[in-house]
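Residues per chain are reported as follows:
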Amino acid sequence: MSETQDGTKKENPECKTYRVKDIARILGVSSNAAYNLVSENLFKSVRIGNAIRISKRSFDQWLESLDL
């Protein structure tokens, strides 16, 4: 949740993407390792300017397929 100017709380729309640092945290790996995974096209990602966004659905399906 975030606050509006009058101090009330508002709901954030559900985000459908991860950032590279999010997948690094989820996997417990370095940012460089996460960037390498993105470059291997193991899950769907898109570059928007300098930012990379990873599809949550695609990443979560890939992670579940590893059967860890």
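In the block above lies the structure referred to throughout.
A. Here's a closer look at helix α2 (residues 31-39). Those residues of α2 that sit buried are Ala34, Leu37 and Val38. Burial along α2 is one-sided: seen end-on, the buried residues are contained in an arc of 100°. Every exposed residue of α2 that faces more than 90 degrees away from the buried side is listed here: Asn32 and Ser39. The inward-facing, buried residues of α2 abut α1 (20-27), β4 (45-48), β5 (51-55) and α3 (56-65). Backbone geometry just downstream of α2 places asparagine 41 in the positive-phi region, at approximately 55°.

B. Region of the structure containing the nonpolar core. With 12 residues, the main nonpolar core is built from Tyr18, Val20, Ile23, Ala24, Ala34, Leu37, Val38, Phe43, Ile52, Ile54, Phe59 and Trp62. Here alanine 24 is in contact with Val29, Ser30, Ser31 and Ala34, once residues within four sequence places are set aside.

C. Highlighting the pairing of β5. Because side chains alternate across β5, one face comprises the buried residues Ile52 and Ile54, and the other comprises Ala51, Arg53 and Ser55, none of which is buried. Two elements, strand β3 (residues 17-19) and β5, share three bridges in a ladder whose sense is antiparallel. Residue threonine 17 lies in a different strand from β5, and its bridge partner there is serine 55. Pairing geometry for β4 and β5, over four bridges, is antiparallel. Within the sheet, the bridge partner assigned to valine 46 lies in β5 and is arginine 53. Linkage of β4 to β5, two consecutive antiparallel strands, is achieved through a turn of two residues, within which glycine 49 is found at a positive phi near 65°.

About the cut-offs
- Residues numbered from 1 in each chain as written.
- Predicted model: local features only at pLDDT ≥ 70, side-chain atom pairs only at ≥ 80, totals over all residues.
- Heavy atoms only, no water.
- Buried < 20%, exposed > 50% of the residue type's maximum accessible area, 1.4 Å probe, protein only.
- Helix = DSSP H or I, 4+ residues; strand = E, 2+ residues; numbered from the N terminus.
- Arc of directions from axis to C-beta.
- Contact = heavy atoms within 4.5 Å.
- Core = buried A, V, L, I, M, F, W, Y, C linked by side-chain atoms within 4.5 Å.
- Pairing = 2+ DSSP bridges.

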